[in-house]
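Report on the structure
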Amino acid sequence: MSEQQFTPRVFSGIQPSGGLTLGNYLGAIKRFVDMQNEGSFETVYCMVDLHAITTWQDPKDLAHNTRELAAGFIASGISPEKSILINQSQVPEHAQLAWIFNCVARMGWMQRMTQFKDKAGKNAQNVSLGLFGYPALMAADILIYHATHVPVGDDQKQHLELTRDIAIKFNHDFGVDFFPVIEPVIEGAATRVMSLRDGTKKMSKSDPSDASRINMTDDADTIAKKIRKAKTDPDALPSEAAGLEDRPDARNLVNIWAALADISVDDVLKEVGGLQFGAFKPMLADLAVEKLAPIAGEMARLMADPAEIDRILAHGAGQAREITAPILAKTYEIVGMVK
């Protein structure tokens, strides 16, 4: 099936589970903004609150976190005038298509999902059915827009492969070319941002050490302090990227610089190669403050007016349903559901 049959459209989302970090910004949101501003795609960005409740969420926290994530999107440069910005639960076609896909996907496909195994651990019999079926809802999130490109972190690549499998099987089962076979967009110097305390572990809001991450709500002083205290090694920075091999903490900080500055790792090392970390980290701290502190300030301003955030999301839901309602209606017709 040719991608040219479909409007070039980007869809991606983040769970509103609280604690937006630098990893979310560099690994996802910054790329969302870039794709929006390229002008080559229609862009739809989502607070995936239905995914969030696959594990227990305090209702008040979920509402706050959804608004805070929306504020983070907007403060980072996602424009409600240029992109459709929604929270997932306000567009019911997501959940409705997910049921169809639950009936298309196979149990064996779901059981191979490594993220489910990681999250369920030894307690697989007691986790929610929603956590097990999460990838089918993710496929519905994407395909209800006939999205053609999906910017995600590399940890979501397996789920996107499942989305492709579901689209292919649906099309084959019903003898149609209806759902696009999507392309993941996994690129950039810092698609996977690591902990500031351990360069072998992903930066995470669940890490007990706040020093391990930069929160997007951190002020300038806090950002600078965390960068200056980030774990490093005793050697000087190399002049070429190959010299970062087996140096995870050094590689992480150089990747962060490259992503914040929109340049390659090699270009960073041309500038800072040979420096000790005592000289490098204050430079990185200055760059991080320059790029991130204004976002934190704008997030605070937006969160002071939650009604405005709600208005933006409601408007986005209306725009989204202009796309999703006809696609769901056609899906029901293909499957044979009587109107």
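See the structure printed just above.
Below is a short write-up of the structure. Quick caveat: nothing in here was measured; it's all calculated off a predicted structure. (Residues numbered from 1 in each chain as written. Predicted model: local features only at pLDDT ≥ 70, side-chain atom pairs only at ≥ 80, totals over all residues. Heavy atoms only, no water.)

1. Some points on empty space enclosed by the protein
If you walk through the whole model with that rule in mind, you get two cavities of 30 Å³ or more. Of the volumes computed, that of the largest cavity is approximately 90 Å³. Forming the boundary of the largest cavity are Ile14, Gln15, Pro16, Ser17, Gly18, Gly19, Leu20, Asn24, Asn65, Glu68, Leu69 and Lys205. Considering every element that reaches the lining of the largest cavity, the biggest residue donor is helix α3 (residues 59-76), with three residues. (1 Å grid on protein atoms, 1.4 Å probe; cavity = no way out; pocket = protein on both sides within 12 Å on 5 of 7 lines; lining within 4 Å. Points joined across faces, edges and corners; volume = space filled by probe spheres on them. Helix = DSSP H or I, 4+ residues; strand = E, 2+ residues; numbered from the N terminus.)

2. Brief notes about the nonpolar core
Ranked by internal contacts, the top residues of the largest apolar core, which has 59 residues, are Phe73 and Leu292. Looking at which element gives the most residues to this core, the answer is helix α12 (residues 277-303), with ten residues. Excluding anything up to four places from it in sequence, Phe73 contacts Ile14, Ile29, Phe32, Tyr45, Cys46, Met47, Ile78 and Leu85. (Core = buried A, V, L, I, M, F, W, Y, C linked by side-chain atoms within 4.5 Å. Buried < 20%, exposed > 50% of the residue type's maximum accessible area, 1.4 Å probe, protein only. Contact = heavy atoms within 4.5 Å.)

3. Topic: the pattern of salt bridges
Scanning all chains against the criterion turns up 14 salt bridges. A salt bridge links Lys270 to Asp267; the nearest nitrogen and oxygen atoms lie 3.6 Å apart. Residue Lys270 and its partner Asp267 are located together in helix α11 (residues 265-272), separated by three residues, close to a single helical turn. For Asp267, a relative accessible area of 34% gives the class partly exposed. In this structure, Glu308 engages Arg311 in a salt bridge whose closest nitrogen and oxygen atoms are separated by 2.9 Å. Linking Glu308 with Arg311, this pair stays in helix α13 (residues 306-335), spanning three residues, or about one helical turn. (Salt bridge = Lys/Arg side-chain N within 4 Å of Asp/Glu carboxyl O.)

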